[in-house]
Amino acid sequence: MGLFGNNEDKIAPTQQPSNVTNNTIGQGTTLKGDVETHGILRMDGKLIGNLHCHSKLFLGSEGQVEGDIFAQNAEIEGEIHGKIEVAENLVLRASAVIHGDIITKKLTIDPGAIFNGQCHMGESRPLLATSENSSEAEKVEDNETTEAQ
């Protein structure tokens, strides 16, 4: 057992492939800029920028993000100011504070969590489809206006 202990014995092989790296951004740390990781991320610090986590994100109760989050799975206890897009399962714990829109396949919200924004769930991506459709509608509307003049 090393200085920080060996947690590998506690994690079942089915939960975490051996090639996945665990990353931690500790409390008191502030990062500015975009972050991308393919490993599991535990974040207790602050990020000012966008986050792309191709695995699971744990945002601790002291964690903060000012930017958009894209993750495979996420469990949120902290505060987010920005859009959250989760491919599979998003869990908002009781201490979570979200100011922004959510796009996810599955959503769990514990009593006490605060969420201010719109939520789109399911297989499709309605927010993206809506923005594409609205731009198409604007093009058609512009063409009709031009032809009428």
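As the structure is a computational prediction, the values presented were derived from the model and not from experiment. Residue numbers restart at each chain and count upward from 1, following the sequence in its written direction. With the structure being a predicted model, the display of local features is reserved for residues of pLDDT at least 70 and the display and counting of side-chain atom pairs for 80 or more, all residues being used for whole-chain, interface and lining totals. For the side-chain quantities, the full set of heavy atoms in the structure was used; hydrogens and water were omitted.

(A) The arrangement of the confidence of the model for the chain in detail. One number per residue, pLDDT, summarises how confident the predictor is, and it ranges from 0 to 100. Per-chain confidence: the chain averages 80 in pLDDT, with 69% of residues scoring 70 or above. Helix and strand assignments follow DSSP, with helices taken as H or I runs no shorter than four residues and strands as E runs no shorter than two, numbered in order from the N terminus. Taken element by element, the predicted model of the chain shows its lowest mean pLDDT in helix α1 (residues 126–148) (43) and its highest in strand β9 (residues 79–81) (98). In what follows, residue pairs with any heavy atoms lying within 4.5 Å of each other are defined as contacts. Overall, residues 1–14 carries pLDDT values under 50, and its contacts beyond four positions in sequence, including any with other chains, amount to 3 contacts. Contacts for the low-pLDDT stretch residues 125–149, under 50 throughout, to residues beyond four places or in other chains number 8 contacts.

(B) Geometry of the nonpolar core. As used here, the term nonpolar core means buried Ala, Val, Leu, Ile, Met, Phe, Trp, Tyr and Cys residues forming a set that is joined through side-chain atoms within 4.5 Å. Remark: exposure states derive from per-residue accessible area (1.4 Å probe, protein chains only) relative to the maximum for the residue type, with buried under 20%, exposed over 50%, and partly exposed in between. Among the nonpolar cores identified, the biggest contains 22 residues, and Leu57, Ile76, Ile80, Leu90 and Leu92 are the most heavily contacted of them. Broken down by secondary-structure element, the contributors of at least two residues to this core are β4 (40–43), β6 (51–59), β8 (69–76) and β10 (84–92).

(C) Representation of the sheet that holds strand β2 (residues 30–32) in the model. Note: two strands are recorded as paired if DSSP finds a minimum of 2 bridges between them. Read from one edge to the other, the open sheet built from 6 strands follows the order β2-β5-β7-β9-β11-β13, with strand pairing classed as parallel. Strands with a single pairing partner mark the edges of an open sheet, and in this sheet they are β2 and β13 (114–116). Each neighbouring strand pair of the sheet contributes to a mean axis angle of 5°, computed without reference to strand direction. Bridge analysis of strand β7 (residues 64–66) against β9 gives 3 bridges, and the strand direction is parallel. For Glu66, the partnering residue across the bridge sits in β9 and is His81. As a rule, the C-alpha atoms of each element are fitted with a line to give its axis, helices using only the stretch in contact, and angles between N-to-C directions run from 0 to 180 degrees.

(D) Quick look at the pairing of β6. Inspection of the sheet shows strand β3 (residues 35–37) paired to β6 by 3 bridges, in the parallel sense. Paired with Thr37 across the two strands is Cys53, which belongs to β6. Where β4 lies against β6, 3 bridges are found, and the strand directions are parallel. Across the sheet, residue Arg42 finds its bridge partner in β6, namely Phe58. As judged from the 7 bridges shared by β6 and β8, these two strands associate in the parallel manner.

(E) Local environment of the pattern of salt bridges. Salt bridges are defined as contacts in which a side-chain nitrogen from Lys or Arg sits within 4 Å of a carboxyl oxygen from Asp or Glu. Inspection of the entire model under this criterion finds 6 salt bridges. When the shortest N-O distance is used, the salt bridge between Lys56 and Glu75 registers 3.9 Å. You can see Lys56 sitting in strand β6 and its partner Glu75 sitting in strand β8, a full 19 residues away along the chain. Looking at Glu75, the relative accessible area reads 18%, which means it is buried. Between Lys83 and Glu85 there is a salt bridge; the shortest N-O distance is 3.8 Å. Per residue, the accessibility class of Lys83 equals that of Glu85, and both read buried. Within the structure, one salt-bridge network assembled from shared partners comprises Lys56, Glu75, Arg93 and Asp110.

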